[in-house]
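# A closer look at the structure
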There are 2 protein chains.
Amino acid sequence: MKTYVHPVMRDVELPAVMQALSDPCRLAIVRQLLESKGRALACNEVELDVAKATRSHHFEVLRAAGIIFTEMDGTKCMTSVRRAELDKRFPGLLKLLSAAK
Amino acid sequence: MKTYVHPVMRDVELPAVMQALSDPCRLAIVRQLLESKGRALACNEVELDVAKATRSHHFEVLRAAGIIFTEMDGTKCMTSVRRAELDKRFPGLLKLLSAAK
DNA sequence: AAAATAATTCGATGATTGTCGAACTATCCG
DNA sequence: CGGATAGTTCGACAATCATCGAATTATTTT
């Protein structure tokens, strides 16, 4: 079974976070996760108009940037936003994203 | 004399803003401008470790993203952060950037 | 008028990125 | 067991990007 690597939040840098969030697809992912109120979603459950491989890629970028946390559960990869940690490290960031427009 | 084009804030999109701020050089520019407390700085006055052409490029990107406002004054290009407008469009964004780490 | 200053524009180059189909792996279910 | 499901990995490809030196423009200063 695959295990995912997540950076320690202390090592997460703002430019990398910005970079990860600069893609509309990825922003959409994070927003949908935020809307699900803490319940983890399978990659599959997130509505997204790209091929499977691309989808996987975007999740990987968000993961490497420290924004999401992923855990295998059977064949599904359940993922959620690292809400508390991010709020502490970058106060206001998630609120900014939630305020969709 | 050169005149600069600035997007209307209504048309400024979050992914583009994030993209602009995902480069360490540009983040440094914005932070220095924010520190100057509203006083406009010449491009030249901003401390930055890149060639002249690159510097010019980064200012252009920030301008196109709606983050800074530039105005020619003699040979200098005085620039400042579009603070009030940005605070209104993306509340919390600038605060996030100021909280340097 | 000439030199100095401030910044833009123009290629060019190498690196990174988003996208995809195809092949692959691992788990679940009938 | 054997198919279906959920994701990952691997090239490949086109597009975008950061960077630079050199040439250019416009203003200020001497």
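What comes next is a walk through the structure. Keep in mind the model is a prediction, meaning the values are calculated, not measured.

### Looking at the pairing of strand β2 (residues 68-73) of chain A
Residue and element names in this part refer to chain A. Where β2 lies against strand β3 (residues 76-81), six bridges are found, and the strand directions are antiparallel. Bridge assignment links Thr 70 to a residue of β3, and that residue is Thr 79. Taking the residues between adjacent antiparallel strands as the criterion, β2 and β3 are bridged by two residues, where Gly 74 takes a positive phi near 70 degrees.

### A look at the interface of chain A and chain B
A common way to report how large an interface is uses the accessible area buried once the components associate. Taken together, the contact pairs 16 residues of chain A with 16 residues of chain B. Of all the secondary structure elements, the ones that give two or more residues to the side of chain A that touches chain B are α1 (14-20), α2 (24-35) and α5 (93-98) of chain A. Here the side of chain A that touches chain B gets four residues from one element, more than from any other, and that element is α1(A). When the residues that make up the side of chain A that touches chain B are grouped by side-chain class, the tally is eleven nonpolar, three polar and two charged.

### Some details on the protein's contact with DNA strand D
Close to DNA strand D lie 23 residues, the nearest being A:Ala42, A:Asn44, A:Ser56, B:Ala53 and B:Gly74. Counting only elements with at least two residues in the surface near DNA strand D, the list comes to α3 (52-64) and β3 of chain A together with α3 (52-64) of chain B. Top element by residues in the surface near DNA strand D is α3(B). It accounts for five residues.

### Some thoughts on the relation of the copies chain A and chain B
Each of the two chain copies goes to the other by way of a rotation about an axis and a shift along it. The operation relating chain A to chain B is a screw motion whose rotation component is 180 degrees, with 0.0 Å of axial translation and a residual RMSD of 0.0 Å. In short, the pair behaves as if placed about a two-fold rotation axis. Rotation axis and chain A: the residue whose C-alpha lies nearest the axis is A:Met18, separated from it by 2.5 Å. Both copies share a contact surface, since 100% of the interface residues of chain A are interface residues in chain B too.

What counts and what doesn't
- Residues numbered from 1 in each chain as written.
- Chains lettered and ligands numbered in written order.
- Predicted model: local features only at pLDDT ≥ 70, side-chain atom pairs only at ≥ 80, totals over all residues.
- Pairing = 2+ DSSP bridges.
- Helix = DSSP H or I, 4+ residues; strand = E, 2+ residues; numbered from the N terminus.
- Contact = placed C-beta atoms within 7 Å.
- Nonpolar A, V, L, I, M, F, W, Y, C, P; charged D, E, K, R; others polar.
- Near = placed C-beta within 6 Å.
- Least-squares fit on C-alpha atoms with pLDDT ≥ 70 in both.

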